[in-house]
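Summary of structural features
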Amino acid sequence: MARTLKAIIDSAALKHNFAKVREFCPHQKIIAMIKANGYGHGMINVAKTLSDADGFGVACLEEAVQCRAAGISQRIFVMGGFYEAKTELPEILRLNLDLILHQEEQVINLIRFLNTVQNKNTLLPLKVWIKLNTGMNRLGFKPQHFAPVLHCLSQHPLLQIEGFMTHFANADKDNDPLTPQQIEIFFKTVQGLPGVKSLANSAGIMAWSTAHGDWVRPGIMLYGISPLQNRHGAMEGLKPIMSLTSTLIAIQEAKKGEIVGYGGRYVCPTDRRIGVVAAGYGDGYPRVAPDGTPVLLNGRRVPLVGQVSMDMIMIDLSSQPAAKVGDPVLLWGPGLPVEEVAAVVGTSAYELLTRLTTRVPLIW
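Residues numbered from 1 in each chain as written. Predicted model: local features only at pLDDT ≥ 70, side-chain atom pairs only at ≥ 80, totals over all residues. Heavy atoms only, no water.

**Examining the pairing of strand β14 (residues 294-297)**
Put simply, the test is: For each residue, the accessible area found with a 1.4 Å probe, counting protein chains only, is set against the maximum for its type, and the residue is called buried under 20%, exposed over 50%, and partly exposed in between. The helix and strand labels rest on DSSP assignments: H or I over at least four residues marks a helix, E over at least two residues marks a strand, and numbering proceeds from the N terminus. For two strands to be treated as a pair, DSSP must find no fewer than two bridges joining them.
Going residue by residue along β14, you find Pro294 and Leu296 tucked away on one face and Val295 and Leu297 tucked away on the opposite face as well. The pairing of β14 with strand β15 (residues 300-303) spans four bridges and is antiparallel. By the bridge assignment for β15, leucine 296 is matched with arginine 301. Where β14 lies against strand β17 (residues 328-332), two bridges are found, and the strand directions are antiparallel. Each residue of the ladder has a partner; that of leucine 296, found in β17, is leucine 330.

Here it is, written out as structure tokens:
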């Protein structure tokens, strides 16, 4: 018999959230971010559902290959660029991908590779984007190094500079001083240059209209999660697209003073009915979830008790004396925002969604 844990994905909610991006950015093109298996929701199904997107953003060539093999024909942006020129660049050319460049070594290796190509007439120009480091200090060229990089790339006949990108560090924070600084640095650096501009992630889309540029790159908001601090998706008019559901698979009668779960972390303060749910850290549910982490049983909140196991969690049934084996459980989804669970656990919704393991079936 199959385990009852599954992630139900609501494609209508995904389309709704995409429409919200259009409301924020009616004149911009949209790169829907589908990296990390579509933020845990299934990369290919996300891409096929968002057929109106102007392009898709992936982290690496491997993800782009999967998309092309599945028939995804829109533009695909390899956000991390390439790591090994000899093996990756021929595939990037063959698959007609947009390549983001963010470090000097990539530029050097790209030029070397293109200079070894024998039949140059058979190649379309490789579409490249130059990424600027405007203050996040993760990827990108510092503004003082931008001009020589631009000159080098613009001289090569097999390269087509599509545009320029940057990434925000603190766009999720209201009135943060770094974000307007990043916006100013970016536009000052690329002022007067041909090519399109892309700055805004989900938080930039929702909170910083001056950063919308020509292309926007929504990620977490597509999946119904607010990118802004201390907010839930519903507050922004977004709909969660994942419902992580399971069932009650056993009930134990524990006496006052008895423990629940590994290590004896939870000791029953009184006689308690303890429910066992088919979900654990082997599925990606956070092992560090503390006592009191909310779970919905029969649509009503109950607290998690005891250490999360590999395959099971335990919940306190005191508030539901009629609960029985087979009753439905919601670990997060409509009615229990994943942002709330993440806050209790001490992590982010991004991590909870993307850490789901492959043994959790995605039901679209």
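Don't stop here, the text continues.
**With respect to the packing of aromatic side chains**
Filter applied, for reference: Here the aromatic set is Phe, Tyr and Trp, taking the six-membered ring for Trp, and pairing holds for ring centres within 6.5 Å; pairs whose planes are under 30 degrees apart are stacked, those over 60 apart are edge-to-face, and all others are tilted.
If you walk through the whole model with that rule in mind, you get eight aromatic pairs. Ring geometry for tryptophan 129 and tryptophan 215: centres 6.1 Å apart, planes at 85°, overall edge-to-face. Here tryptophan 215 lies in strand β9 (residues 215-216) and tryptophan 129 lies in strand β6 (residues 126-131), a separation of 86 residues in the sequence. The burial state of tryptophan 129 is the same as that of tryptophan 215; both residues are buried. Here the aromatic cluster, defined as three or more aromatic residues joined through ring pairs, consists of Tyr39, Tyr223 and Tyr350.

**Quick look at the pattern of salt bridges**
Our working rule: What makes a salt bridge here is a side-chain nitrogen of Lys or Arg within 4 Å of a carboxyl oxygen of Asp or Glu, nothing more.
Evaluated as defined, the whole model comprises 15 salt bridges. A salt bridge links aspartate 54 to arginine 22; the nearest nitrogen and oxygen atoms lie 3.8 Å apart. Here aspartate 54 is found in the loop between α3 (43-49) and β3 (55-58), whereas its partner arginine 22 is found in helix α1 (residues 11-24), with 32 residues between them in sequence. By relative accessible area, arginine 22 is classed as partly exposed at 29%. Put simply, arginine 301 and glutamate 340 hold a salt bridge, and the shortest N to O gap is 2.5 Å. Of this pair, arginine 301 sits in strand β15 while glutamate 340 is found in helix α10 (residues 338-345), placing the two residues 39 residues apart along the sequence. On the accessibility criterion, arginine 301 (44% relative accessible area) is partly exposed. When salt bridges with common partners are traced through the structure, they connect Arg3, Asp283, Asp311 and Arg359 into a single cluster.

**Thoughts on the nonpolar core**
For the record, the criterion: Side-chain atoms within 4.5 Å link the members of a nonpolar core, which is a set of buried Ala, Val, Leu, Ile, Met, Phe, Trp, Tyr and Cys residues.
Counting residues in hydrophobic clusters, the biggest one holds 112 residues, and the most contacted among them are Ile34, Leu110, Leu153, Tyr285, Leu331 and Trp332. Broken down by element, the residue count for this core peaks at five residues, all from helix α6 (residues 104-116). Core analysis: the next-biggest nonpolar cluster, separate from the first, contains eight residues, Ala254, Val260, Tyr266 and Val305 among them.

**Here we look at the packing of α6 against helix α7 (residues 143-154)**
Counted only if it meets this: Inter-axis angles, ranging from 0 to 180 degrees, are taken between N-to-C directions of lines fitted to C-alpha atoms, where helices are fitted over the stretch in contact. For this classification, under 35 degrees means roughly parallel, over 145 means roughly antiparallel, 65 to 115 means roughly perpendicular, and everything else is oblique. Less than a right angle of anticlockwise turn of the near helix away from the far helix marks a crossing as left-handed, whereas a clockwise turn marks it as right-handed. We call two residues contacting when some pair of their heavy atoms lies within 4.5 Å.
Taken N-terminus to C-terminus, the directions of α6 and α7 make an angle of 15°; their axes are 11 Å apart at the nearest point. The angle between α6 and α7 falls in the class roughly parallel. Considering how the two elements wind past one another, α6 and α7 form a crossing that is left-handed. On α7, the residues touching Val107, Leu110 and Ile111 of α6 are Val149, Cys152 and Leu153.

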